[in-house]
Amino acid sequence: MFLLIVYFAGFATAVYCLAPAPENQSYQTSEKSFAYAASTINSEEFAQSFNAGLHRCLDFGKDAAIRVGKYAKQAYDEKQRQSGG
């Protein structure tokens, strides 16, 4: 389960790094300029939504890693007590 979380966190990070939202684009003035403006707004909204989702995913991954670390430490300590060491 942990490896699955790490895999998807890595995939989401790769997508975020490889496809950032364009910040400044200049469009030609024409009849289609309204369509370009509308697509830019949707692109910005998507980028913000994706960024928020990525941060939630990273926070979840951090929490999961902490819980798995605590569980592994407890299991290790228990095995050490059982083996007498």
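Refer to the structure presented above.
In this text, all values refer to a predicted model and were calculated from it rather than measured experimentally.

Asks: Would you explain the packing of aromatic side chains in this entry?
Replies: What characterises a pair of aromatic rings is the spacing of the ring centres plus the angle enclosed by the ring planes. Here the structure, examined in full by the defined rule, presents one aromatic pair. Between Tyr-7 and Phe-8 the ring centres are 5.3 Å apart and the planes differ by 75 degrees, which places this aromatic pair in the edge-to-face class. Look at Tyr-7 and you get exposed, because its relative accessible area is 54%. A relative accessible area of 46% places Phe-8 in the partly exposed class.

Asks: Quick question: what am I supposed to make of the pattern of salt bridges here?
Replies: Any two side chains of opposite charge can pair, given that their charged atoms come close. Tallied over the entire structure, the rule returns one salt bridge. Across the pair Lys-73 and Asp-77 runs a salt bridge whose closest N-O atoms are separated by 3.2 Å. Of this pair, Lys-73 and Asp-77 both sit in helix α2 (residues 33–83), separated by four residues, roughly a single helical turn. Since its relative accessible area comes to 31%, Asp-77 is described here as partly exposed.

What counts, and where the lines are drawn
Residues numbered from 1 in each chain as written. Predicted model: local features only at pLDDT ≥ 70, side-chain atom pairs only at ≥ 80, totals over all residues. Heavy atoms only, no water. Phe/Tyr/Trp six-rings, centres within 6.5 Å; stacked < 30°, edge-to-face > 60°. Buried < 20%, exposed > 50% of the residue type's maximum accessible area, 1.4 Å probe, protein only. Salt bridge = Lys/Arg side-chain N within 4 Å of Asp/Glu carboxyl O. Helix = DSSP H or I, 4+ residues; strand = E, 2+ residues; numbered from the N terminus.

Keep in mind these numbers describe shape, not what the thing actually does.
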